[in-house]
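Spelled out, the chains give:
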Amino acid sequence: MPFIRRLVAGIHAMFRKTRVEQELDEELRGFLDAAVEDKLRGGLNAGDAGRAARIELGSVAAVKDSVRDAGWESAIESVWQDVRYGGRMLRRSPGFAAIAIGILALGIGANTAIFSLLNAVMLRTMPVYQPSQLVEPLSRYPGEPHRNGFSWEFFEDVRDHNHVFAGVTGVFPTKLQIAPDGAEAETVDGEYVEGTLFSLLGLQPALGRLIDPQDARAGAAPVAVVSWAYWKSRFNLNPAILGAQIKVNGVAAPIVGVTPRAFVGLIPGIMPVVWLPMTRPMGLGLIARLKPGMPIEQARAEMNVLHRPRLAQIAEKSHDPQWLQSVMDLEPAGGGLSLLTGRFRTPLQALMVIVGLLLLIACTNVASMLLARGEARRQEMAVRVSLGAGRLRLVRQVLTESLLLAVTGSVLGVGLAYFGAAALLRMLTSGRLPPGWPQHLALQIAPDLRVLLFTAGVALATGVLFGLPPAWSAFRAPPISSLREIGSAGTRRSRRRFGHGLVVAQVALSVVLLSAAGLCVAHLSNLRNRDLGFQRDSVLLVTLDPQGSGYNRVQLANLYKDLLARFHAIPGVRSAAVNAVTPIDGGAASSFATVEGFQEKPEDRRRLMQNWVGPRYFETLGTPFIAGRDFEFADAGRPRVAIVNQAMARYYFGGGSPLGRHLTFERDAAPFEIIGVVGDAKYEDLHAVAPRTVYLNAFQDGRIQSRFALRTDVTPTVVAPQVRRAVEDVLKTVRVSKVTTLSDQVDASIVMERVVAMLSGVVGLLGASLAAIGLYGLLAYTVARRTNEIGVRMALGATQRDVTKLVVKAAMGLVVFGLLAGVPAAFWSTRVAYSIVPDLATAAGPLPVAAAVVAMVVGALLAAYLPARRAARINPTEALRHS
Amino acid sequence: MMESEPKPSDLVQGTLHMLILKTLALEPLHGYGIGQRLEQISKGVFRVNAGSLFPGLRRLERSGLIKGEWRVTENNRRAKYYSLTAEGRATLKRETRDWGRQTAAIARILEASLGEL
């Protein structure tokens, strides 16, 4: 109670400040009058009485001050005073303020943007009961990433035989056509859920009820549950939604409930609109709740045991012994299933580190600017100390100023981050996601409390970090009386050394940043150009959709021959061919095969990649022909033929020639004769080595394909209109469903690497520029300070060259110190990066670090150029007179 | 050990509030009056200067132990008279009791001689 009363009284006083002040004045005047009267009564004369009374009262201002200090509001008032004063100081040097705030906004904004993505992907927890108990099983087939996709049988097995879970359940995400009563159908994200999902999560419906095990029995009446957002947008939160019919994929189901508002889905990246019960067994993504107190390691061990028989079964059924090597993992799933977002983790973490370094450089940069300003404000500080300002009070003032900069910077930064994160998400998801997944990810990236706390924390930390050096120098500010004597004494030298230290730190951090950027760029260029096995430039890819055209396969094959002839007639087209898959378009067929005269152990069997292509395909793609002949249209009526790649030839035939040998695919009767060998080319994944591949003739066996590749002498998209016209002419009823270029298709598969490389490159350059600017500032200041000395040197015979050398040497000295610290750190961080992304190791070796060092030295020379020129142009006479 | 000419001594830390409350318990007074009364009752031992008196008054007022009221003095001037609130009265009572107990204890400690232990 007294606390609240004091609070109210304080607020009251703040708003009625003048009134309170006046009362205090009047009270003190009354005190003085009373004292004078008292003294007069005691026999003093008027003058003496007044003097005595005033002595008794002491300094009115001091008394008023201590009265004001008695209330808590005075503390706020003095902080507010600091803030206003700080604001005035910054307004007085708007250039400095703008640059400092800009640098900080950039640094803090970049951190906030990356953090809000990281938050959306990794840190958010679902608004469910005890999310920390939730786990998801992830299986890993050798050489492939983690997957959470299991058969119904495995689900039942785990559900019935585990001893570690309080419950296990699953979802099947899919696209659904929904149409509420009579309305137009639309395609939305939806999920089939196992009957116990909602109770396992412990969700309470916003309205009605959620799906329960009764709904998921075979033959149960269909029901649907919709999201809160859907209820809001389509039903305006009208409770009459309960019982409304909704058509899902053509089947009417009553809406029985609405999920709680805060729950947007089990899989980050998908925000389902409608949930349906799984009334029949289907494949599913699993989520389980650990028994209370159950350690995840124990659950993991048991899952691996339960996993074993299933693996043996799959290996048996698929004749693929590799399955036996696959492992089972169990990861926390309080934030939902990692189906989509798992792939963003490493890139986002890498970016977080990179922008963190940028912020450090920004801090150091602003700190050295503030320090230089502090040098200029020594006079002011000295005056304040002499007038009796407390040293802590000065420190508070200086820190307030730097926090003011940090807070302004971070407000701007949050604005930048808001747009930046959205743009970044669009970039990251512009590539091709695994087939069957939604093409854009729905993630909640709007800053939430955690993001804002993060930004506030970063702002505070940066403000204190770059504010400390100037605050320290304010703390040690000498009073004005001693200012004159100080000259170039020890304190100044140490402060100068500190300024040098800040520049050295910036150089070191920049080298680390630049080598990280170099590594990312090298990795990317490596992926783009390393042994692709095809020439990615100048290839147009055209996909036709013959479905519903009325043509049968034989007719299509003949029409496509005509079409290819038309394509070849287009000026600028060098060659054209049909194909089933082109490199890196995301999918490929594969099968086991028996090769004539080759024995292998069952566990060594691998699938062969299959591709159906037409004549001139290899020429079009730029895959080199090694031996034998190409496919022909005339093969159509002849025995089956195949062309193999070198990886396959090497494995099955060693040094011998595969030509004339035969291979037979599993579950296929007739053999294929090998008639040619081509170079290895990557098809599924740029990160992997080329698989053993068999090419079959698309004009045999009715395997005609509706995809075309055209190699052009001109920019491939230039011929696209003529290609479309040719299709319209030859095939009246066939649609062109997609036109792209091979180059775009390849790039779409490495969007993550491209975005990381681009961002780290930009951030690296920014960091290095900041370091160069810091260096420039220091050198310019040094030259200005040493004008005298340089004048003397020149008067004594130093040439312009000598003076230039002096400045450049100073710059290089700082850079060398920076490199001494930065290069080992850069090597260390590249090694850490290698251990996280093994693919990087082959990318670059020490090249990125070397490039970073060169870039830094060049940057330093550029930074030294202007100060060196200024120093060289110093006129000795003027310089000496100037002193 | 009394000095022949007692100088006004500084108040024992933290007791000013209690003394102000006690003074006001007798009758409402203005700032100068409180100082005078304290000096008078303590026979000149305590002299409170304005620099501690007024902040003290502000604190007590903020805590709701006293309240101020502008009135006309006997000399026909306006002055702010302070008086105890009910809460102030209760606080004074409690603090007086505590003080008595503490000083008695302190006195015993200071006067203790080895023989008594």
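For the structure, check the block above.
Residues numbered from 1 in each chain as written. Chains lettered and ligands numbered in written order. Predicted model: local features only at pLDDT ≥ 70, side-chain atom pairs only at ≥ 80, totals over all residues. Heavy atoms only, no water.

## Notes on the overall build of chain B
For chain B, the count of helices and strands is four helices and two strands. In chain B, the order of α-helices and β-strands from amino to carboxyl end is α-α-α-β-β-α. Evaluated residue by residue, chain B yields a buried proportion of 37% over its 117 residues. Taking all contacts inside chain B whose residues are at least 6 apart in sequence as the whole, residues at least 24 apart take part in 48%. Just so you have it, chain B exposes about 7700 Å², and 54% of that area is on carbon and sulfur atoms. (Helix = DSSP H or I, 4+ residues; strand = E, 2+ residues; numbered from the N terminus. Buried < 20%, exposed > 50% of the residue type's maximum accessible area, 1.4 Å probe, protein only. Contact = heavy atoms within 4.5 Å. Areas by Shrake-Rupley, 256 points an atom, 1.4 Å probe, with all protein chains shown as cover.)

## Observations concerning the pairing of strand S3 (residues 186–193) of chain A
Residues and elements named next belong to chain A. The element S3 is extensively covered by neighbouring structure, given that six of its eight residues are classed as buried. Of the pairings in the sheet, the one linking strand S2 (residues 165–180) to S3 comprises eight bridges and is antiparallel in character. Residue pairing for S3: Thr174 is matched across the bridge by Gly190. Bridge count for S3 against strand S8 (residues 274–277) is four bridges, and the pairing is parallel. If you follow Val193 over to S8, its bridge partner there is Pro277. (Pairing = 2+ DSSP bridges.)

## Some words on the pairing of strand S12 (residues 573–579) of chain A
Residues and elements named next belong to chain A. Burial analysis of S12 places six of its seven residues in the buried class, which makes it a mostly covered element. Looking at chain direction, S12 and strand S21 (residues 707–712) are connected through six bridges and run antiparallel. Across the sheet, residue Val573 finds its bridge partner in S21, namely Thr712.

## A closer look at the interface of chain A and chain B
The interface is formed by 28 residues belonging to chain A together with 23 residues belonging to chain B. When the two sides are added together, the surface that chain A and chain B hide from each other amounts to roughly 2200 Å², 53% of it contributed by carbon and sulfur. Applying the counting criterion to the chain A and chain B interface returns two salt bridges. Lys80 of chain B is paired through a salt bridge with Glu23 of chain A; the nearest N and O atoms lie 3.8 Å apart. The tally of links between chain A and chain B comes to four residue pairs in polar contact (both at pLDDT 80 or more). Contributing elements (two or more residues each) for the side of chain A that touches chain B: helix H1 (2–15), helix H2 (17–41), helix H3 (46–57) and helix H4 (60–70) of chain A. The leading source of residues in the side of chain A that touches chain B is H2 of chain A, at 14 residues. Residues of the side of chain A that touches chain B, tallied by class, amount to 13 nonpolar, three polar and 12 charged. (Buried area = accessible area lost by both parts, 1.4 Å probe. Salt bridge = Lys/Arg side-chain N within 4 Å of Asp/Glu carboxyl O. Polar contact = N/O pair within 3.5 Å; in protein donor to acceptor, adjacent residues only side chain to side chain. Nonpolar A, V, L, I, M, F, W, Y, C, P; charged D, E, K, R; others polar.)

## Digging into the pattern of salt bridges
Residue and element names in this part refer to chain A. The full count for this structure, using the stated rule, is 29 salt bridges over all chains. Among the salt bridges present, the one from Arg41 reaches Asp38, with a minimum N-O distance of 3.5 Å. Note that Arg41 and Asp38 are positioned in helix H2 at a spacing of three residues, about one turn of the helix. Its relative accessible area of 62% is what places Arg41 among the exposed residues. We classify Asp38 as partly exposed; its relative accessible area is 23%. For Arg574, the salt bridge goes to Asp713, with nearest N and O atoms at 2.8 Å. Of the two residues, Arg574 is situated in strand S12 and Asp713 in the loop between S21 and helix H20 (720–730); the sequence distance between them amounts to 139 residues. Shared partners join several salt bridges into a network, and the residues in it are Arg629, Glu632, Asp635 and Arg638.

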